[in-house]
Amino acid sequence: MFRWAMELGRVDILHALSILSQYQASPRQGHMEQLLRIFGYLKKRPKLTLYMDPALPNIDYEDFKTEKNDFKEYYRDAEEQMPHHQSKPKGKPVVTKAFVDASFGSNKVTRRLHTGFIIFVNRAPIKWFSRKQPTIESSAFSAEYIALKTCVEEIEHIRYKLRMFGVPILEDEATNVY
């Protein structure tokens, strides 16, 4: 039932359910209490809605501008993979952006890190993710790096799919990751 609710857009319970789901095999009394709290939350807020706005976000991108050659030294051969038989772009161009974070040391039992990100096309959230990382890291930097890598891989998939569907992406506009 909860998975169904999350897929319909209840992003507000995504993290809590992700943490709680790791105890499905052998739940305890405390887990049942937490589950009842989630039900109570849903009962109080039954019609929480995500609004999809097709407009471009109102962000001053001048603060984030870099020159194209700034990273050439480090990423000489890096190019975005373009679809071979992509559709002709139609409609207004879109901008993609993402917010990513990782928790370091929040799970005291397993010491596993938690990765979370959300990807937007214009102002519409189209992909959200919250999961335990498969590795145990020794620093916050490496935890954030793994979270960023996971997010960038998803961004590449989404931009590829958008191009295949014929959705134009602003030329020379990289995805801003915060």
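Predicted model, so just to flag it, every value in this text is computed and none were measured.

Reading the values: the criteria
Just so you know, the residues in each chain are numbered from 1, in the order the chain's sequence is written. Local features are withheld for residues below a pLDDT of 70 in this predicted model, meaning they are given only at 70 or higher, and side-chain atom pairs are given and counted only at 80 or more; totals for whole chains, interfaces and linings count all residues. Side-chain numbers come from the whole structure's heavy atoms, not from hydrogens or water. Only DSSP runs of H or I reaching four residues or more are called helices, and only runs of E reaching two or more are called strands; each is numbered from the N terminus. Relative accessible area decides the class of each residue, using a 1.4 Å probe on protein chains only: under 20% of the type maximum gives buried, over 50% gives exposed, and in between gives partly exposed. Any two residues whose heavy atoms approach within 4.5 Å at even a single point are treated as in contact. Following DSSP output, two strands are said to pair if at least two bridges run between them. Geometry is summarised by axes, namely lines fitted to C-alpha atoms with helices restricted to the contacting stretch, and by angles between N-to-C directions that run from 0 to 180 degrees. Here, expected helix span is obtained from the residue count minus one, scaled by 1.5 Å. Salt bridges are defined by distance alone: a side-chain nitrogen of Lys or Arg within 4 Å of a carboxyl oxygen of Asp or Glu. Only residues whose relative accessible area exceeds 30% and that form no salt bridge are eligible for patches; like-charged ones are grouped when within 9 Å, while nonpolar side chains (Val, Leu, Ile, Met, Phe, Trp, Tyr) are grouped when within 5 Å. The accessible surface values rely on the Shrake-Rupley method and a 1.4 Å probe; as for residues, cover is taken only from the protein chains in view. Among buried residues, those of type Ala, Val, Leu, Ile, Met, Phe, Trp, Tyr and Cys that are joined through side-chain atoms within 4.5 Å constitute a nonpolar core. Note: the arc covers the axis-to-C-beta directions of the helix.

(A) Layout of the overall build of the protein. Along its length, the protein carries four helices and four strands. When the helices and strands of the protein are placed in sequence order, the string is α-α-α-β-β-β-α-β. Burial status across the protein gives 29% buried among its 178 residues. A sequence separation of at least 24 residues applies to 66% of the contacts in the protein between residues at least 6 apart.

(B) Looking closely at the sheet that holds strand β3 (residues 124–132). Sheet architecture is open: four strands sit in the order β3-β2-β1-β4, paired in mixed fashion. Each end of this open sheet is capped by a strand with a single partner; those strands are β3 and β4 (176–177). Of the strand pairs in this sheet, strand β1 (residues 96–103) and strand β2 (residues 114–121) are connected by eight bridges, and their pairing is antiparallel. Residue pairing for β2: phenylalanine 99 is matched across the bridge by isoleucine 118. Helix-sheet contacts for helix α4 (residues 140–164) involve β1, β2, β3 and β4, and the interaxial angle to β1 is about 155°.

(C) Broad picture of α4. A rise of 1.5 Å per residue sets the reference length of α4, with its 25 residues, at 36 Å; its end C-alpha atoms lie 36 Å apart and thus fit the reference within 8%. Of all the positions in α4, only Ser142, Ala143, Ala147, Cys151, Ile155, Ile158, Arg159, Leu162 and Arg163 are classed as buried. Contacts from the buried residues of α4 go to β1, β2, β3 and β4. Of the residues flanking the end of α4, it is glycine 166, one or two places downstream, whose phi is positive at about 85°.

(D) Fine view of the pattern of salt bridges. Tallied over the entire structure, the rule returns two salt bridges. A salt bridge links glutamate 154 to lysine 127; the nearest nitrogen and oxygen atoms lie 3.8 Å apart. Here glutamate 154, found in helix α4, pairs with lysine 127, found in strand β3; they are 27 residues apart in sequence, far enough to count as distant. Look at lysine 127 and you get partly exposed, because its relative accessible area is 27%. In this structure, glutamate 153 engages lysine 149 in a salt bridge whose closest nitrogen and oxygen atoms are separated by 2.9 Å. Within this pair, glutamate 153 and its partner lysine 149 are both found in helix α4, separated by four residues, close to a single helical turn. On the basis of relative accessibility, which here comes to 34%, the residue glutamate 153 falls in the partly exposed class.

(E) Region of interest: a nonpolar patch on the surface. A surface patch of nonpolar side chains, about 280 Å² in accessible area, is lined by Met32, Leu36 and Phe39. Mapped onto the elements, leucine 36 comes out in helix α3 (residues 29–44).

(F) Structural context of the nonpolar core. Residues Phe117, Ile119, Cys151 and Leu162 are the most contacted members of the largest nonpolar core, which totals 16 residues. The set of elements that each furnish at least two residues to this core consists of β1, β2 and α4. Here isoleucine 119 is in contact with Lys97, Ala98, Ala124, Pro125, Ile126, Lys127, Cys151, Glu154, Ile155 and Ile158, once residues within four sequence places are set aside. Core analysis: the second largest hydrophobic core is formed by five residues, Ile13, Leu17, Ile38 and Leu42 among them.

(G) Structural context of α3. Helix length check: α3 (16 residues) gives 23 Å between terminal C-alpha atoms against 22 Å at 1.5 Å per residue, within 8%. Here α3 has its buried residues at His31, Ile38 and Leu42. End-on view of α3: buried residues confined to an arc of 40°, all on one side of the axis. Opposite its buried face, α3 presents the exposed residues Gln29, Leu36, Arg37, Lys43 and Lys44, each directed more than 90 degrees away.

Worth remembering: the numbers are spatial, not functional.
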